[in-house]
Amino acid sequence: MTPLDYEYLRKLLKERSGLDLSADKQYLVESRLVPLARRSNLAGIPELVQKMKGGAEALTSDVVEAMTTNETFFFRDKIPFDHLKEAVLPALAQARAARRSLRIWCAAGSTGQEPYSIAMLVKEMTALFTGWRVEIIATDLSQAVLEKARAGLFSQFEVQRGLPIQMLVKYFTQKGELWQLNADIRGMVQHRQLNLLQDISHLGTFDVIFCRNVLIYFDQNTKAGIFAKLVRMLEPDGVLALGAAESVVGITSAFRPYPDRRGLYQPNTAPVARAGGAPHVLKAVASAAR
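How each quantity is defined
- Residues numbered from 1 in each chain as written.
- Predicted model: local features only at pLDDT ≥ 70, side-chain atom pairs only at ≥ 80, totals over all residues.
- Heavy atoms only, no water.
- Salt bridge = Lys/Arg side-chain N within 4 Å of Asp/Glu carboxyl O.
- Helix = DSSP H or I, 4+ residues; strand = E, 2+ residues; numbered from the N terminus.
- Buried < 20%, exposed > 50% of the residue type's maximum accessible area, 1.4 Å probe, protein only.
- Arc of directions from axis to C-beta.
- Contact = heavy atoms within 4.5 Å.
- Polar contact = N/O pair within 3.5 Å; in protein donor to acceptor, adjacent residues only side chain to side chain.

## Some details on the pattern of salt bridges
Following the criterion strictly, the structure yields 17 salt bridges and no others. Asp207 is the partner of Arg99 in a salt bridge, and the nearest nitrogen-oxygen pair spans 2.8 Å. Taken together, the residues span a long stretch of sequence, with Arg99 in the loop between helix H5 (79-95) and strand S1 (101-106) and Asp207 in strand S7 (residues 206-211) at a distance of 108 residues. Given a relative accessible area of 1%, Asp207 falls into the buried group. With its nearest N and O atoms 3.6 Å apart, the salt bridge here joins Lys123 to Asp184. Of this pair, Lys123 sits in helix H6 (residues 113-124) while Asp184 sits in helix H11 (residues 183-186), and the two are 61 residues apart along the sequence. Residue Lys123 is classed as partly exposed on the basis of its relative accessible area of 33%. Its relative accessible area of 38% is what places Asp184 among the partly exposed residues. Here the salt bridges share partners, and the residues they tie into one network are Arg96, Arg99, Asp207, Glu235 and Asp237.

Quick look at the structure:
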């Protein structure tokens, strides 16, 4: 791969997915794209780039998918799910008692382990949510991983990573060498293709947003732009969960830390007097969210 090829790929991936590759990540590009070039009957990355420059949009989409598919597993990092069970969901159950509905968004749902972990957690909290409408939306840039997520089929290796044995027995059915999530859990999650760099307001507002282990791949300006979108899509008392290596510090003032729960944040807003039925928010917050 020539330096010009690498720069072309860096720019394209930044524009299409937000992925910000440093100058020393050429080895990563080669490890992901050389196999793709071979599957496409091309000699190597230079030929791949040439085809993309010639307008091969399907191939370009394959390149973006190959570079943005990330690792995931059930109940990853455990602590955010403990926070959800112990603090966030009980508080929201009380706050939403009148409307009896809850909306949760996994902004990087990948092959489904994270949103399905949340679905199983909600299912375990039957005493709080019986009769409620709980909507879990899982989005991802990659259509391939979304198709796998919808099927809810996982290998023995995948179900052994983070999934308690009690939940495996309770919520999965063995299908040959694979394990499939039962239909009631699969039915709790809606999977949709979405690019976080584009307009995402059509998803509506949420009580909980999981946006974990995806912002680490973006530069500061891109992160700030995504935070500005997320704060507008979160209820005033809603909760944002970030990955262990992610933070709002030094990027945005639109969020404040959730009390005593590391990795969780809430909108730095306070509803004030209403006019014409629409709540106003503090000017500083409105400015931070732009």
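Moving on from the model shown.
## Overview of helix H8 (residues 143-151)
Buried within H8 we find Val145, Leu146 and Ala149. Buried positions in H8, seen along its axis, are confined to an arc of 105 degrees and lie on one side of it. Considering only its buried residues, H8 is in contact with H6, strand S2 (133-140) and strand S6 (189-193). Between the side-chain oxygen at the start of H8 and the backbone nitrogen of Ala144 there is a gap of 3.3 Å, and the oxygen is on Ser142.

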